[in-house]
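Inside the fold
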Amino acid sequence: MAVLRLLALFLIFFLISTAALPEVKVQEAKDEPFVGVNIGTDISNLLPPAQLVSFLQQQKVTHIRLYDADPDILKALSKSKIRVIISVPNNQILGIGSSNTTAANWINRNVAAFYPDTFITTVAVGDEVLTTVPSLSSMLMPAIEALYSALVASNLHTKIKISTPHASNIILDPFPPSQAYFNETLSPVIAQLLKFLSRTNSPLMMNMYPYYVFMQNKGVVPLDNSLFKPLTPSKEMVDPNTLLHYTNVLDATIDSAYSSMKNLNASDILVLVTETGWPSKGDSKEPYATIDNADTYNSNLIKHVLDRSGTPLHPEVTSSVYIYELFNEDLRTSPISEANWGLFYANTTPAYLLHVSGSGEFLANDTTNQTFCVAMDGVDGKTLQTALDWACGPGRANCSEIQPGESCYSPNNVKNHASYAFDSYYEKQGRAAGSCDFKGVAIITTTDPSHGACVFPGSKIISNRTDTVVNSTNATSGVDTLRFVGTRPLKDGWGVVFGIMSYLYILWLSVS
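In this text the structure is predicted, and so the values were computed from the model without any measurement.

As a further point, take unusual backbone geometry. Geometrically, the link from F175 to P176 is a cis peptide bond, its omega value of 0 degrees lying close to zero. Note on placement: P176 falls in the loop between β7 (171-172) and β8 (181-182). Following S410, the chain continues into P411 via a peptide bond in cis, with omega recorded as -5 degrees. Notably, K81 is not glycine yet its phi reads approximately 70 degrees, a positive angle. For N201, which is not glycine, the phi torsion reads 55 degrees and is therefore positive. Structurally, N201 is set in the loop between α8 (187-200) and β9 (204-207). Here N201 falls in the partly exposed class, since its relative accessible area comes to 44%.

Attention now moves to the side chain of S256. Along the polypeptide, S256 turns up in helix α11 (residues 249-263). Non-local contacts of S256, meaning those with residues more than four positions away in its chain, are made with I171, P174, P177 and A180.

Covalently bonding the sulfur atom of one cysteine to the sulfur atom of another cysteine gives a disulfide. A complete count under the given rule lists three disulfides for this structure. In this model C373 forms its disulfide with C436; the gap between the sulfur atoms is 2.1 Å. With the S-S dihedral at roughly 90 degrees, the linkage between C373 and C436 falls on the right-handed side. Of this pair, C373 sits in strand β14 (residues 372-375) while C436 sits in the loop between α14 (414-428) and β15 (442-445), and the two are 63 residues apart along the sequence. In this structure, C373 and C436 share a single accessibility class: buried. Each disulfide pairs two cysteine sulfurs, and for C392 the partner residue is C399, the sulfurs being separated by 2.0 Å. Classification of the bridge connecting C392 and C399 rests on its S-S torsion, roughly -95 degrees, and on that basis the disulfide is left-handed. Judged by relative accessible area, which is 31%, C392 ranks as partly exposed. With its disulfide-bonded cysteines labelled consecutively along the sequence, the protein is connected as 1-5, 2-3, 4-6.

So, about the packing of helix α13 (residues 381-392) against α14. How two helices sit against one another is set out by the angle between their axes and by the gap between those axes. Two elements in contact, α13 and α14, have axes whose closest approach is 9 Å; the angle formed by their N-to-C orientations is 35 degrees. Once α13 is placed against α14, the crossing between them reads as left-handed. Contact with α13, carried on its side by G381, L384, Q385, A387, L388, W390, A391 and C392, involves V414, K415, H417, A418, A421, F422 and Y425 of α14 and no other residues of that element. Each residue belonging to the contact of α13 with α14 can be placed in one class, and the counts come to eleven nonpolar, three polar and one charged.

Here we come to α14. Compared with an ideal rise of 1.5 Å per residue, which puts 15 residues at 21 Å, α14 spans 21 Å between its outermost C-alpha atoms and is within 8% of the ideal. In terms of residue burial, α14 counts as a mostly covered element, since twelve of its 15 residues are buried. Within α14 the residues assigned to the buried category are N416, H417, A418, S419, Y420, A421, F422, D423, S424, Y425, Y426 and E427. Structurally, the start of α14 carries an N-cap: the backbone nitrogen of K415 is 3.3 Å from a side-chain oxygen of N413. Backbone geometry just after α14 places G430 at a positive phi near 70 degrees.

Let us look at the packing of aromatic side chains. One pass over the full model with this rule turns up 21 aromatic pairs. Judged by centre distance (4.9 Å) and plane angle (85 degrees), the rings of F55 and F344 are edge-to-face. With F55 in helix α2 (residues 49-58) and F344 in the loop between β13 (321-323) and β14, this pair connects stretches of sequence that are 289 residues apart. With relative accessibility at 0%, the residue F344 sits in the buried group.

Another aspect to go through is the side chain of S226. Secondary-structure assignment places S226 in helix α10 (residues 223-226). What makes S226 buried here is its relative accessible area of 1%.

Attention now moves to the nonpolar core. Among the nonpolar cores identified, the biggest contains 100 residues, and I64, W106, V111, L204, L326 and L363 are the most heavily contacted of them. No other element matches helix α7 (residues 137-153), which puts ten residues into this core. Every residue in contact with L204, bar those within four places of it in the chain, is listed here: S163, H166, F182, L193, L194, L197, A257, M261, I269, L270, V271 and L272. L388, A418, F438 and F456 belong to the second-largest nonpolar core, a separate cluster that totals 22 residues.

Right, let's talk about the pairing of strand β12 (residues 271-276) for a bit. In terms of burial, β12 is a largely internal element, six of the six residues being buried. Across four bridges, the pairing between β9 and β12 is parallel. Residue pairing in the sheet places M206 in a bridge with V273 of β12.

About the thresholds
- Here the residue index of a chain counts from 1 through its sequence in written order.
- Reporting of local features is limited, given that this is a predicted model, to residues whose pLDDT is at least 70; pairs of side-chain atoms are given and counted only at 80 or more, and all residues count toward the totals for whole chains, interfaces and linings.
- Hydrogens and water are ignored here; the side-chain numbers use all heavy atoms of the structure.
- Under the DSSP-based scheme used, a helix requires at least four consecutive residues in state H or I and a strand at least two consecutive residues in state E, with every element numbered from the N terminus.
- Each residue gets one of three labels from its accessible area relative to the maximum for its type: buried under 20%, exposed over 50%, partly exposed in between, using a 1.4 Å probe on protein chains only.
- In what follows, a contact means two residues having at least one pair of non-hydrogen atoms within 4.5 Å.
- By definition, disulfides here are pairs of cysteine sulfur atoms that lie within 2.5 Å.
- Axis definition: a line fitted to C-alpha atoms, over the contacting stretch in the case of helices. Angles run 0 to 180 degrees between N-to-C directions.
- Crossing handedness is read from the near helix: turned anticlockwise from the far helix by less than a right angle, it gives a left-handed crossing, and turned clockwise, a right-handed one.
- In this classification, Asp, Glu, Lys and Arg are treated as charged, Ala, Val, Leu, Ile, Met, Phe, Trp, Tyr, Cys and Pro as nonpolar, and every other residue, Gly included, as polar.
- Every helix has an expected span of 1.5 Å times one less than the residues it contains.
- N or O atoms within 3.5 Å of each other form a polar contact, as long as, within protein, one can give a hydrogen and the other can take it, and as long as residues adjacent in sequence are counted only when both atoms are side-chain atoms.
- Geometry of aromatic contacts follows a simple scheme: Phe, Tyr and Trp rings, the Trp one being its six-membered ring, pair when their centres are within 6.5 Å, and the pair is stacked under 30 degrees between planes, edge-to-face over 60, tilted otherwise.
- Put simply, buried Ala, Val, Leu, Ile, Met, Phe, Trp, Tyr and Cys residues joined by side-chain atoms within 4.5 Å make one nonpolar core.
- By definition, two strands form a pair when at least two bridges between them are found by DSSP.

Structure, rendered in structure tokens:
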């Protein structure tokens, strides 16, 4: 009996001590994932620093990334509690990497002069240096080490991290993730960097854009996978080596970074996504740069991070992300999409409203979660008519309002009538996944298609709900909601672990 009891106790202790020891460090409560924003300044009328900080607070933004170390903005951020990544521009890397004195002066001028009143969390050394300015590659690590030494001298090295953002194309063969590896010509620098990041407990910064993955691999990567849309199992991407299922491109890209690091014997570094987003407008060569796709991507991205579900390879840790970007940068040149990645225009008017239930007023979020189903542009009339006939017939959509003399009959064209019928069917199906398709001729939009006296079904339903729906912002502030990731249900291996522990505990009681 005593032996069995001791064995049960030993197994319980073993399971507790080993279950939470994956290769990548487990996320602690203080490191809970967040959504931040990048702030570019190629804007003709950028808000003055004080107004910018006030706007950030109004939008419940708690983390930002700057592409420089603008002293006026850093001063305005004082006492705001907004966490900020400051950056060393690429054109300053050579000087800093060549001189410890220059590095020390940079830290004194841009970090020590503002910290801790301004909550600087990280220094980003350059941006995509290895791929955009390869001539500086040999100076990247000397600059990073020199800046770190300056932080040590200022006794700030335990409070402020140092890293450098990379373009995702430093990773070759990113799918399947298990086969991914860093570009071998860059490996010497990356290997040094990973040793530094591990030693200083700093993140690997990666700029990851599923938009570009989709645009460069159309026909291979489905749009839904890029937008975090719900997928049927047949549309999930499967890694044949691990048999892990991927429902979105971003998770697969993050896991490709983890696999690439593992190939260089680095397994304790977290990935921080320093840029990701989707453009809301493009030219004729970028038909998928639309407001609806931008809203869908960024809304689902925020949900994904706040759900704290991790990735298939590392469900125990969720990467924080910085959305690119806060404002449209109107001074950017072609293509048109370059100037249209922002969530807001420079005058703080939203470029579009996000739809993230439960996140309150964070980043111009439409808490009504209002969506509509309409006919896509460019579809021929015959195909639309077939879909319209099905919606009003077997689909049992309410098509009475598009009959002659009724409020939605005009304009009398197949696209208008089809849009009304599609939206009616979509609402009757409870906006279920797949209910706005009609063989590929319909699209979900956040723009109310109602016009004049014609009120679309989705708009009617929202107006009827207004008096009964309790806005989630009444229960919690935007900042608190961003932290709504501290608790989550038991999942993955932990359910099994605690099941075994319960059994062993019963066994222990039975033999005591």
